[in-house]
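Each chain is listed here by its residues.
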Amino acid sequence: MAQEYDIVIIGAGPAGLAAGLYAARARRKTIVLERNVTGGQIALTSVVENYPGFPEGVNGFDLAQAMQQQAEKYGMEMGYGDVTAIEPKDGRHLVSTSDGEYLAKAVIITGGADYNRLNVPGEERLTGRGVSYCATCDAAFFKDQEVAVVGGGDAAIDEGLFVTRYASKAYVIHRRDQLRAGKILQERAFANPKMEFVWNAVVTEVLGEEAVTGVRLRNLVTGDESTLPVGAIFIFIGLHPNSDYLKGLLRMDEGGHIYVTDWMETDVPGILAAGDIRVNSSRQVVSAAGDGATAAIKADHYITDHFKE
């Protein structure tokens, strides 16, 4: 039998935890469902420097734990499992997960996004054996080794800088001839003697049998191929929203981001979406938290308007 809640929130990143805080403080019976670790992407970030109130920065995992504890103080519950479907039932929404079912008056989707893959030979087979999407998780395993970092945005450079705390050298492989990361991160990267840049190049294969031993590269300008011996490859080439299970239910763009109103409402009454999973998100912790708060306020209003108290 499905467990009944006023509000079910899918995803325990900053948007979900902020929504949980506001929903619980509104005295709505609320549960946040998470399939992995509380905090989402920020839980894997060594230092969050741009969240207001922390002039020296804050560890991402610690920030996520504090958000969870604050929301739980007001009665928010946590549940774990992979959400597989949402469907209407008796004027409410039935949320199916790998660990059971939940019946909600309102649902807030804050499932965030997952890291994109290179989709090259060797990548999947060697994931966890030198192929990584989280430098703060795995960099310490490659102390005094040469490694590769793929990407040119904020995540790639931020995580690449973290890698240099352990690695003897980090080759930053980028398909363009200049970085897309913010200027402050670029300045730090170019000033770091352990960072070497490989421009106009893509990885075509990850090499190794039991562990990563190198990567095969192709220069996009000349077409030349080469091999770079490294002990690990850290991949940061963007994100894709966790919205596959919502296809056919909600209106989304071609990339799978959900269309919402200014109040985070989807085209299905009683279902809201917030954070990185929505269209035109700025993909920042502070804006995700704001989205979550907005969604929870609107969900509270929706329940008041559509259900007898």
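Here the structure is shown first, and the text comes after it.
Residues numbered from 1 in each chain as written. Predicted model: local features only at pLDDT ≥ 70, side-chain atom pairs only at ≥ 80, totals over all residues. Heavy atoms only, no water.

Describing the sheet that holds strand 11 (residues 195-198)
Condition: Strand pairing requires that DSSP identify at least two bridges connecting the strands. What counts as a helix is a DSSP run of H or I of at least four residues, what counts as a strand is a run of E of at least two, and both are numbered from the N terminus. In what follows, a contact means two residues having at least one pair of non-hydrogen atoms within 4.5 Å. Each axis is a line fitted through C-alpha atoms, and for a helix only the stretch in contact is used; angles between axes span 0 to 180 degrees, taken between their N-to-C directions.
In space, the five strands of this open sheet follow the order 8-15-9-10-11, with parallel pairing throughout. Each edge of the open sheet carries a strand with a single partner, namely strand 8 (131-132) and strand 11. Pairing analysis gives five bridges linking strand 9 (residues 146-150) to strand 10 (residues 169-173), with the strands arranged parallel. When the bridges of strand 10 are listed, A148 appears paired with Y171. Along the sheet, helix 4 (residues 154-163) makes contact with strand 9, strand 10, strand 11 and strand 15 (233-235), crossing strand 9 at roughly 170°.

A word on the pairing of strand 13 (residues 214-219)
Sheet topology note: the strand 12 (residues 201-207)/strand 13 ladder contains six bridges and is antiparallel. Bridge pairing in strand 13 places L207 opposite G214. Connecting strand 12 to the next strand, strand 13, in antiparallel fashion are six residues, including G208 with a positive phi near 135°. When strand 13 meets strand 14 (residues 225-228), the two strands line up antiparallel, connected through four bridges. Across the sheet, R218 pairs through a bridge with E225, a residue of strand 14. Between strand 13 and strand 14, which pair antiparallel in sequence order, lie five residues; one of them, G223, sits at a positive phi of approximately 85°.

With respect to the side chain of E123
Quick note on the threshold: Any residue under 20% of the maximum accessible area for its type is buried, any over 50% is exposed, and the rest in between are partly exposed; the area is computed with a 1.4 Å probe on protein chains only. We score Asp and Glu as negative and Lys and Arg as positive, and we do not count His or the chain ends. Salt bridge, as used here: a side-chain nitrogen of Lys or Arg that lies within 4 Å of a carboxyl oxygen of Asp or Glu. For this analysis, a polar contact is any N or O atom pair within 3.5 Å, provided that within protein one partner can donate a hydrogen and the other can accept it, and provided that sequence-adjacent residues contribute only side-chain to side-chain pairs.
Residue placement: E123 occurs in the loop between strand 7 (113-115) and strand 8. For E123, which is buried and forms no salt bridge, the nearest opposite charge comes from R117, at a distance of 5.1 Å. Among the polar contacts made by the side chain of E123, one reaches the main-chain amide nitrogen of L118 at a distance of 2.9 Å. Setting aside its immediate chain neighbours within four residues, E123 contacts R117, L118, V131, Y133, V206 and I235.

A look at the pairing of strand 6 (residues 100-109)
Burial runs high along strand 6: eight of the ten residues are buried. With seven bridges joining them, strand 1 (residues 3-10) and strand 6 adopt parallel strand pairing. Following the sheet pairing, E4 is matched in strand 6 by L103. Pairing of strand 5 (residues 92-97) with strand 6, which is carried by five bridges, proceeds in the antiparallel orientation. Residue pairing across strands places T97 opposite G100, the latter belonging to strand 6. Between strand 5 and strand 6, which pair antiparallel and follow one another directly, the connecting turn spans two residues. Relative to strand 17 (residues 271-273), strand 6 runs parallel, the two being bridged by three bridges. From the neighbouring strand, I108 faces strand 17, where its bridge partner is L272.

Here we look at the packing of aromatic side chains
Defined as follows: Here a pair means two rings of Phe, Tyr or Trp (six-membered ring of Trp) with centres within 6.5 Å. Their orientation is stacked below 30 degrees between planes, edge-to-face above 60, and tilted elsewhere.
According to the stated counting rule, one finds eight aromatic pairs in the structure shown. Summarising the aromatic geometry, the rings of Y5 and Y102 are spaced 6.1 Å apart at their centres and angled 50° between planes, so their arrangement reads as tilted. Of this pair, Y5 sits in strand 1 while Y102 sits in strand 6, and the two are 97 residues apart along the sequence. Classification of Y102 by relative accessible area gives buried; the value is 5%. For the pair F190 and F197, a centre-to-centre distance of 5.0 Å together with 55° between the ring planes defines the contact as tilted.

Quick word on the pattern of salt bridges
Tallying each qualifying case throughout the model produces ten salt bridges. Between D6 and K105 there is a salt bridge, with its nearest N and O atoms 3.2 Å apart. With D6 in strand 1 and K105 in strand 6, the pair connects residues that are 99 residues apart, well separated along the chain. You'll find D6 and K105 in the same group, each marked buried.

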